[in-house]
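# Results of the structural survey
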Amino acid sequence: MERREFIKQGAITASGLAILPIDSLFAANKNKVRLGYIGVGERGRNHIAEGLLRDDVEIVAVCDIQELSLKYCRELISKSGKKLPQEYTGGLDVYKKLLDRKDIDAVIIATPWQFHHPQAIDAMNAGKYVGCEVIAGLSVEDHWDIVHTSEKTGIPYMTLENVCYRRDVLAVLNMTRQGLLGELIHLEGGYQHNLRNVLFNDGKNVYGQGVEFGPNALSEAQWRTQFNVDRNADVYPTHGAGPVMQYIDINRGNRFTNLVSFSSKSKGLNTYVEGLAPGNKNAKIDYKNGDVITTMINCANGETVLLLHDTHLPRPYSLGFRVQGTKGLWMDVANSVYIEHLSQKDDEWDPAENWLKKYDHPLWKKYEDKAEGAGHGGMDWFVFNAFVEAVKQKKQTPIDVYDSVTMSVITPLSEKSIKEGNTPQSFPDFTKGKWQNRKNTFALDNSGF
Ligand SMILES: NC(=O)c1ccc[n+]([C@@H]2O[C@H](COP(=O)([O-])OP(=O)(O)OC[C@H]3O[C@@H](n4cnc5c(N)ncnc54)[C@H](O)[C@@H]3O)[C@@H](O)[C@H]2O)c1
């Protein structure tokens, strides 16, 4: 869809507010996307590295409040031989100066979670496409703000949910679309990753054996751990929810209707710190966030979804996907597939590999060479490519504003459910009924993203 049409459609569906003409957007070279980056810490620099690999991306400006992050960013760009971007630094609001520039088409936001909402709102109001790292806001109201601003301005907002592009995740999407698993019934996913050395990092080495968090720590330990102190919720739902939403057409013929969350007790972070530094003050904190948060979601079409957040205990990494239908299922923990009458033996698992290879998604077949070596097994290339292509082709982003807020609002909803003694919480219908007629086009778009 041409941007003009997209905006027209946005205007029809928006709440009667005028659409602002965005003069600066796409004023220059139509084959190049001019990017501004807000936050060039660990993740922002991953996206910088993706940008440096492409001839159709110009990194015009970067903003960060810490010299160390800017220094690493400068080094990365210098090594590539590309022109150093203009830097903006000096305070929490300095990103607004970057947004004032007329020569930026889109921004990548990779700051701590609490800044995503205001920065994205300001970016959309300034007419820049927004590619924002996971988590759209902290409260339900924040999520509505994002929707209303995108509708009002006609500017697309995309959560950069890379797991939607994971190779096995896309292969199974391909299988489900070809009916291999039958009608889908139940799905699981989550963020199950031992993050203890990320949450406590004394800054001596990137992922050290530290026990510190807060201003004197490094990277995510500076800010992320505080969420585990303050919130009892699934604080990171999108890696599980994003892919699950694609399998069952959420916001596109289906929708999440309500959820219930449970929290286990919280022992993992105390035990970890006590083990490394007996008696340390951080071993005595009352971390509100339970070690394992379990969320069950109902869907309008009758499927159930189970999401887990499990980052405080020793465990190997696994997002724990399970996609189950009337004919069979895929489970990523067991790395196995079973399809009735097609698997090698009745009631016995096939190694998933055989199936995933056979049903490798066309996007992966097409772009395997380019994605090779990119972060998180290649999926980072795909999510960045999808955003850049949408901006370049003046199209809607494949993960749009409604998808973005739906996967992220699980955090405040799960928090309320737990606080109220595991009460069901209704999902807001951010599409205001449009979910019934929208079609799932994710990874189907013939433009190739
Ligand atoms: N999708 C993924 O796989 C993935 C992986 C890692 C991180 N993330 C997400 O990326 C985001 C950033 O995480 P990270 O690991 O890079 O954290 P980080 O702490 O390494 O980097 C954050 C950067 O933002 C800067 N910053 C803070 N406030 C700012 C402000 N107001 N204006 C400008 N810059 C500001 C900090 O100085 C820092 O350099 C988070 O939302 C995180 O959840 C996603």
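Residues numbered from 1 in each chain as written. Predicted model: local features only at pLDDT ≥ 70, side-chain atom pairs only at ≥ 80, totals over all residues.

## Here's the deal with the pairing of strand β12 (residues 328-331)
Pairing of strand β11 (residues 322-325) with β12 involves three bridges; the strand directions are antiparallel. Paired with R322 across the bridge in β12 is M331. Looking at chain direction, β12 and strand β13 (residues 336-339) are connected through four bridges and run antiparallel. Considered in β13, the bridge of G328 is made with I339. In this antiparallel pair of consecutive strands, β12 and β13, the connection spans four residues, and N335 shows a positive phi of 50 degrees. (Pairing = 2+ DSSP bridges. Helix = DSSP H or I, 4+ residues; strand = E, 2+ residues; numbered from the N terminus.)

## Digging into the site of the ligand
In the region of the ligand, 27 residues are neighbours, and G39, G41, R43, S69 and E133 sit closest. At the level of secondary structure, the elements contributing two or more residues to the shell around the ligand comprise α2 (42-52) and α5 (113-125). Of the residues forming the shell around the ligand, the biggest block, three residues, is contributed by α2. Summarising the domain contributions, the shell around the ligand has at least three residues from each of domain 1 (3-155) and domain 2 (164-362 + 401-436). (Near = placed C-beta within 6 Å. Domains from an automatic or database assignment.)

## A short note on helix α13 (residues 362-371)
Turning to α13, its buried residues number three or more, namely L363, W364 and A371. One face of α13 carries all of its buried residues, which in axial projection span an arc of 75 degrees. Exposed and oriented more than 90 degrees from the buried face of α13 are P362, K365, K366 and D369. Against α7 (167-177) and α14 (379-392) lie the buried residues of α13. Taken from the residues just after α13, G373 is the one with a positive phi, measuring 90 degrees. (Buried ≥ 20, exposed ≤ 12 C-beta atoms within 10 Å, placed from the backbone. Arc of directions from axis to C-beta. Contact = placed C-beta atoms within 7 Å.)

## A closer look at the domain arrangement of the chain
As assigned here, the chain comprises domain 1 (3-155) and domain 2 (164-362 + 401-436). Relative to domain 2, the C-alpha centre of domain 1 lies at a distance of 26 Å. Across the contact, 17 residues belong to domain 1 and 14 residues belong to domain 2. The element contributing the most residues to the side of domain 1 that touches domain 2 is helix α6 (residues 140-153), with six residues. Class assignment for the residues of the side of domain 1 that touches domain 2 results in 10 nonpolar, six polar and one charged. (Nonpolar A, V, L, I, M, F, W, Y, C, P; charged D, E, K, R; others polar.)

## Examining α2
For α2, the tally of buried residues reaches eight of 11 residues, placing the bulk of the element in the interior. All of the buried residues along α2 are G44, R45, N46, H47, I48, A49, E50 and G51.

## Topic: the confidence of the model for the chain
Across the chain, the average pLDDT comes to 92, with 92% of residues at 70 or higher. Within the model, the stretch residues 1-28 combines pLDDT values under 50 with 33 contacts to residues more than four positions away or in other chains. (pLDDT = per-residue confidence, 0-100.)

## Topic: the sheet that holds strand β3 (residues 86-88)
Reading across the sheet, the six strands line up as β3-β2-β1-β4-β5-β6 and stay open at both edges, with parallel pairing between neighbours. The sheet is open, and its two borders are formed by β3 and β6 (157-159), each paired with just one other strand. Adjacent strand axes in the sheet meet at a mean angle of 25 degrees when their direction is disregarded. Of the pairings in the sheet, the one linking strand β5 (residues 129-132) to β6 comprises three bridges and is parallel in character. (Axes fitted to C-alpha atoms, helices over the stretch in contact; angles between N-to-C directions.)

## A closer look at the packing of helix α10 (residues 238-247) against helix α15 (residues 401-408)
One can describe the packing of α10 onto α15 by two numbers: an axis separation of 9 Å at closest approach and a directional angle of 135 degrees. Judged on the interaxial angle alone, α15 and α10 are oblique. The handedness of the crossing between α10 and α15 comes out as right-handed. Residues T238, A241, G242 and M245 of α10 pack against D403, T406, M407 and S408 of α15. Within the contact of α10 with α15, the residues separate by chemical class into three nonpolar, four polar and one charged. (Parallel < 35°, antiparallel > 145°, perpendicular 65-115°, else oblique. Left-handed = near helix turned anticlockwise from the far one by under 90°.)

## Let's talk about the pairing of strand β10 (residues 304-310)
Across the seven residues of β10, five count as buried, placing the element largely inside the fold. Relative to β10, strand β7 (residues 184-192) is paired through seven bridges, and the arrangement is parallel. Across the sheet, residue Y191 finds its bridge partner in β10, namely H309. The pairing of strand β9 (residues 292-299) with β10 spans seven bridges and is classified as antiparallel. Directly across from V292, in β10, lies its bridge partner D310. In textbook terms, the turn of a hairpin is the stretch between consecutive antiparallel strands, and for β9 and β10 this stretch comprises four residues, one of which, G302, has a positive phi near 95 degrees.

## Thoughts on the nonpolar core
Counting residues in hydrophobic clusters, the biggest one holds 109 residues, and the most contacted among them are Y37, A120, V130, Y157, V323 and F387. With 10 residues, the top contributor of residues to this core is α14. Contacts of F387, omitting those with residues within four sequence positions, involve G131, M158, L160 and T397. L195, L218, L269 and V273 belong to the second-largest nonpolar core, a separate cluster that totals 12 residues. (Core = buried A, V, L, I, M, F, W, Y, C linked by C-beta atoms within 7 Å.)

## Things to note about the sheet that holds β7
Overall, mixed pairing links the nine strands, which are arranged β14-β13-β12-β11-β7-β10-β9-β8-β15 in an open sheet. Of all the strands in the sheet, the pair left with one neighbour each is β14 (350-351) and β15 (425-426). Examined bridge by bridge, strand β8 (residues 256-263) and β15 share two bridges and lie antiparallel to one another. Residue pairing for β15: L259 is matched across the bridge by Q425.

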